[in-house]
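# Fold and geometry: a report
Okay, here's what each chain looks like letter by letter:
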Amino acid sequence: MGEGPLISVIVPIYNVEKYIYKSIESVRNQTYQNLEIILVDDGSQDNCGRIADEFAQKDKRIKVIHKENGGLSDARNAGLRIASGLYIYFFDSDDLMTSNLIETALSVYMRTDTDLVCFNYTVYDEITGREKKTSFPVQSCKIRGRKTNLVTAEYLGYRLGYCVWNKLYRADIIKKNRIFFVDNSQIFAEDICFNLYYISFCKRIEMIQECLYNYLNRENSIMGKSKKEPRLNQFIMISKCYEEFLEERGKSGILTQCRGVVFSILMRLQLGKVGRLEREQWIEQIEDKAYFYRNSDEAVSQISNWLHSFGLFKGLKEWLKAIEYYYGKKLWICFIKRIIFRLKQK
């Protein structure tokens, strides 16, 4: 692709000595070479810091940051602060990039006016050796109607993937809107929070067919364990952070009005991990029950927000699904009667 725009690749590193050589080489060997590779040694206790310095000595594109351990979000933010590329890519230091990842994703930006490029990936299980490829539908998503569909229907609807490493971002959107990763001490699933922030400023998103990333599902990984049980308190915090972000960035219009939809989907992502009969006991463990019940009621009482987000038929389906999650199959009928009564009073 010739010289082309500079791409900043941000790589947090923490105690991954076993994987780091192959991972960093997969970045260095990209077919697209105009890269700024930022290795962030997040207080590693193994030899990762030394290895990063060795890479920097033999590749002038590499910059190394050594810092005290602050978690994944803090390491990525440290990289963002010094990144000078026109586009930003976040890479995890125990995974692998296909050799054409950057070139393929960047080519989409070069031929379209998109705000975000997403791609499929391969999940490799370290224990079983099995591989599984994602198959997100190829699509060009644009804002429509009340401009909430990219956040709700596309991103939270799991049509783009929840992670950051299957996406190439525009640096100007990140910097202009002061988008950052929330501290890991505050939230879990920092990727979801970051993407909610970013996509709130997107008008068009491209999802391409190619599998360009190889994700390693490691033994004892935090993400592996998180898939097994609901993390309601952590996802409530994501909802709170998103509300605060919209308010601080002056996005208090329709996106704020639809915060109940966003909240409801976040809760369903977690409650869906357990059976219907188990949900009540997990809800009882929520620390801020007032926030949970207030937002749950708002989500199911304002059907118009679901229609704005998903369209007529899909919106009705998602709305009814939300009612069932919170009220069960018997009580949701009572709730519909309650809504009809309210409408009649108007």
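The present account deals with the structure reproduced in this document. (Residues numbered from 1 in each chain as written. Predicted model: local features only at pLDDT ≥ 70, side-chain atom pairs only at ≥ 80, totals over all residues. Heavy atoms only, no water.)

## Remarks on unusual backbone geometry
The backbone phi angle of Asn 15 is positive, close to 50°, even though this residue is not glycine. Here Asn 15 lies in the loop between strand E1 (7–13) and helix H1 (17–28). A positive phi is found at Ala 189, a non-glycine position, where the angle reads about 65°. Here Ala 189 is to be found in the loop between helix H6 (171–176) and helix H7 (190–199). (Helix = DSSP H or I, 4+ residues; strand = E, 2+ residues; numbered from the N terminus.)

## Concerning the side chain of Asn 120
Take Asn 120: it is sitting in strand E6 (residues 116–125). Residue Asn 120 is classed as buried on the basis of its relative accessible area of 1%. Among residues more than four places away in sequence, those in contact with Asn 120 are Thr 134, Ser 135, Phe 136, Met 207, Ile 208, Gln 209, Glu 210, Cys 211, Leu 212 and Tyr 213. (Buried < 20%, exposed > 50% of the residue type's maximum accessible area, 1.4 Å probe, protein only. Contact = heavy atoms within 4.5 Å.)

## Digging into the nonpolar core
Residues Tyr 89 and Tyr 198 are the most contacted members of the largest nonpolar core, which totals 113 residues. Here this core gets 8 residues from one element, more than from any other, and that element is helix H9 (residues 232–248). In contact with Tyr 198, other than residues within four places in its own chain, are Tyr 109, Asp 115, Leu 116, Tyr 169, Arg 170, Ile 173, Ile 174 and Ile 179. (Core = buried A, V, L, I, M, F, W, Y, C linked by side-chain atoms within 4.5 Å.)

## Quick word on the packing of aromatic side chains
Under the definition given, this model contains 24 aromatic pairs. Ring centres of Tyr 87 and Tyr 109 lie 4.5 Å apart, and the angle between their planes is 40°; on these two criteria the pair is classed as tilted. Linking Tyr 87 in strand E4 (residues 87–90) with Tyr 109 in helix H4 (residues 101–111), this pair joins segments that are 22 residues apart in sequence. Residue classification places Tyr 109 among the buried positions, given a relative accessible area of 5%. Taken together, Phe 91, Tyr 121, Phe 136, Tyr 155, Tyr 158, Tyr 162, Trp 165, Tyr 213 and Tyr 215 form an aromatic cluster joined through their ring pairs. The aromatic ring of Phe 188 is capped on one face by Arg 231, whose charged end is 4.1 Å from the ring centroid. Residue placement shows Lys 240 over the ring face of Tyr 291; its charged tip is 5.1 Å from the ring centre. (Phe/Tyr/Trp six-rings, centres within 6.5 Å; stacked < 30°, edge-to-face > 60°. Lys NZ or Arg CZ within 6 Å of the ring centre and 35° of its normal.)

## Points about helix H3 (residues 72–82)
The periodicity of an α-helix, 3.6 residues per turn, causes residues three or four places apart in sequence to face the same way. For H3, the full list of buried residues reads Ser 73, Ala 75, Arg 76, Asn 77, Ala 78, Gly 79 and Leu 80. Next to the buried residues of H3 lie E1, strand E2 (35–42), strand E3 (62–67), E4, H6 and H7.

## Thoughts on the environment of Val 64
By secondary structure assignment, the location of Val 64 is in strand E3. Considered as a pair, Val 64 and Val 11 are 53 residues apart in the sequence and their alpha carbons are 9.6 Å apart. In this view, Val 64 contacts Leu 39, Ala 52, Asp 53 and Ala 56; residues no more than four positions away in its chain are not counted.

## Looking at the side chain of Thr 134
Position of Thr 134 among the secondary structure elements: in the loop between strand E7 (131–133) and strand E8 (139–142). A polar contact is formed between the side chain of Thr 134 and the side chain of Asn 120, at a distance of 2.8 Å. Excluding its chain neighbours within four sequence positions, the residues that come into contact with Thr 134 are Asn 120, Tyr 121 and Cys 211. (Polar contact = N/O pair within 3.5 Å; in protein donor to acceptor, adjacent residues only side chain to side chain.)

These results come straight from atomic positions and should not be treated as a statement about function.
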